[in-house]
Amino acid sequence: MDKPSELVEFEHMVLGRHQLGNDKRRRQADRLERSTYIILSRIRVQGPMSIGQLSEAFVLDASTVNRQTAQAMRAGLLERIPDPEGGMARKFRLTAEGERRLDAEHEKQVQELDRVFAHWPADDVREFAHYLQRFNTSIEQLSGQPWPRS
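Draft legend 1. Representation of the environment of Pro48. If you trace the backbone, Pro48 turns up in the loop between α2 (34–46) and α3 (51–58). Each C-alpha atom, one on Pro48 and one on Phe117, is 34 Å from the other, the two residues being 69 residues apart in sequence. When sequence neighbours within four positions are dropped, the list of residues in contact with Pro48 reads Ile43, Gln53, Ile81, Pro84, Lys91, Phe92 and Arg93.

Written as structure tokens, this is what we have:
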């Protein structure tokens, strides 16, 4: 591998294989599926969103988003509400249970990362986070699909 981007491509591919909690632990009670975690996280940051907005944000077809949100609604994590801004489309917002489960999943994810970074100096973790954010932001700029950051 001669080009630096080839090294990044390889490590990016490997990283995709190492999703935290993407094994038997994920099946434990109270663990959220990855797609549910991402949807709940996005709605928390952005506020209530419609199927169309979620579909656009994740570059997924509406039927896929509809299946994912229906599952989250059955689990009591999301509820449909009238558009707070008066639009026609109904939107999804987190329920109290959705907030609780999202907080719990976030804490589990952070604990797993703490284990990964146990022997890293704090400055290295901060630098890694900075470069990861820069990497993600560059992808978002190219794709036109920014992720809102709080």
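After that view, the rundown keeps rolling.
Draft legend 2. Seen up close, the side chain of Gln68. Here Gln68 lies in helix α4 (residues 62–74). The class for Gln68 is buried, based on a relative accessible area of 17%. Setting aside its immediate chain neighbours within four residues, Gln68 contacts Ser35, Ile39 and Leu60.

Draft legend 3. Fine view of the packing of α2 against helix α5 (residues 96–116). In contact at an axis separation of 10 Å, α2 and α5 are set at 110° when each is read in the N-to-C sense. The orientation of α2 relative to α5 falls into the category roughly perpendicular. In the packing of α2 onto α5, the handedness of the crossing is left-handed. For the pair α2 and α5, the contacting residues are Tyr37, Leu40, Ser41 and Arg44 in the first and Gly98, Glu99, Leu102, Asp103, Glu105, His106 and Gln109 in the second. In terms of residue class, the contact of α2 with α5 is made up of 3 nonpolar, 4 polar and 4 charged.

Draft legend 4. Quick look at a nonpolar patch on the surface. On the surface, a cluster of nonpolar side chains totalling about 500 Å² of accessible area is made up of Val8, Trp120, Phe128, Leu132, Phe135 and Ile139. Sorting elements by how many residues they give to the nonpolar patch places helix α6 (residues 122–143) first, with 4 residues. With respect to the element layout, Phe135 can be found in helix α6. Relative accessible area serves as the criterion here: at 31%, Phe135 is assigned to the partly exposed category.

Draft legend 5. Quick look at the pattern of salt bridges. Counted according to the given criterion, the structure contains 9 salt bridges. Glu105 is the salt-bridge partner of Arg31, the closest N and O atoms lying 2.8 Å from each other. Here Arg31 is found in the loop between α1 (4–17) and α2, whereas its partner Glu105 is found in helix α5, with 74 residues between them in sequence. We classify Arg31 as buried; its relative accessible area is 9%. The class of Glu105 is buried, set by a relative accessible area of 0%. Among the salt bridges present, the one from Arg44 reaches Glu99, with a minimum N-O distance of 2.5 Å. Here Arg44, found in helix α2, pairs with Glu99, found in helix α5; they are 55 residues apart in sequence, far enough to count as distant. The exposure class assigned to Arg44 is partly exposed, which follows from its relative accessible area of 34%. Shared partners join several salt bridges into a network, and the residues in it are Arg31, Glu105 and Glu112.

Draft legend 6. Fine view of the confidence of the model for the protein chain. Looking at the protein chain, the pLDDT average stands at 91 and 93% of residues meet or exceed 70. Averaged pLDDT values for the elements of the protein chain fall to 89 in α1 and rise to 97 in strand β2 (residues 91–94).

Draft legend 7. Local environment of the nonpolar core. In terms of nonpolar packing, the biggest core is built from 17 residues, with Ile39, Leu40, Ile43, Leu54, Leu78, Phe92 and Leu94 touching the most fellow members. Listed by contribution, the elements that provide at least two residues to this core are α2, α3, α4 and β2. Sequence-distant contacts of Ile39, that is, excluding residues within four places in its chain, are made with Leu54, Phe58, Gln68 and Leu78.

Reading the values: the criteria
- Residues numbered from 1 in each chain as written.
- Predicted model: local features only at pLDDT ≥ 70, side-chain atom pairs only at ≥ 80, totals over all residues.
- Heavy atoms only, no water.
- Helix = DSSP H or I, 4+ residues; strand = E, 2+ residues; numbered from the N terminus.
- Contact = heavy atoms within 4.5 Å.
- Buried < 20%, exposed > 50% of the residue type's maximum accessible area, 1.4 Å probe, protein only.
- Axes fitted to C-alpha atoms, helices over the stretch in contact; angles between N-to-C directions.
- Parallel < 35°, antiparallel > 145°, perpendicular 65-115°, else oblique.
- Left-handed = near helix turned anticlockwise from the far one by under 90°.
- Nonpolar A, V, L, I, M, F, W, Y, C, P; charged D, E, K, R; others polar.
- Patch = residues over 30% accessible without salt bridge, like charges linked within 9 Å, V, L, I, M, F, W, Y side chains within 5 Å.
- Areas by Shrake-Rupley, 256 points an atom, 1.4 Å probe, with all protein chains shown as cover.
- Salt bridge = Lys/Arg side-chain N within 4 Å of Asp/Glu carboxyl O.
- pLDDT = per-residue confidence, 0-100.
- Core = buried A, V, L, I, M, F, W, Y, C linked by side-chain atoms within 4.5 Å.

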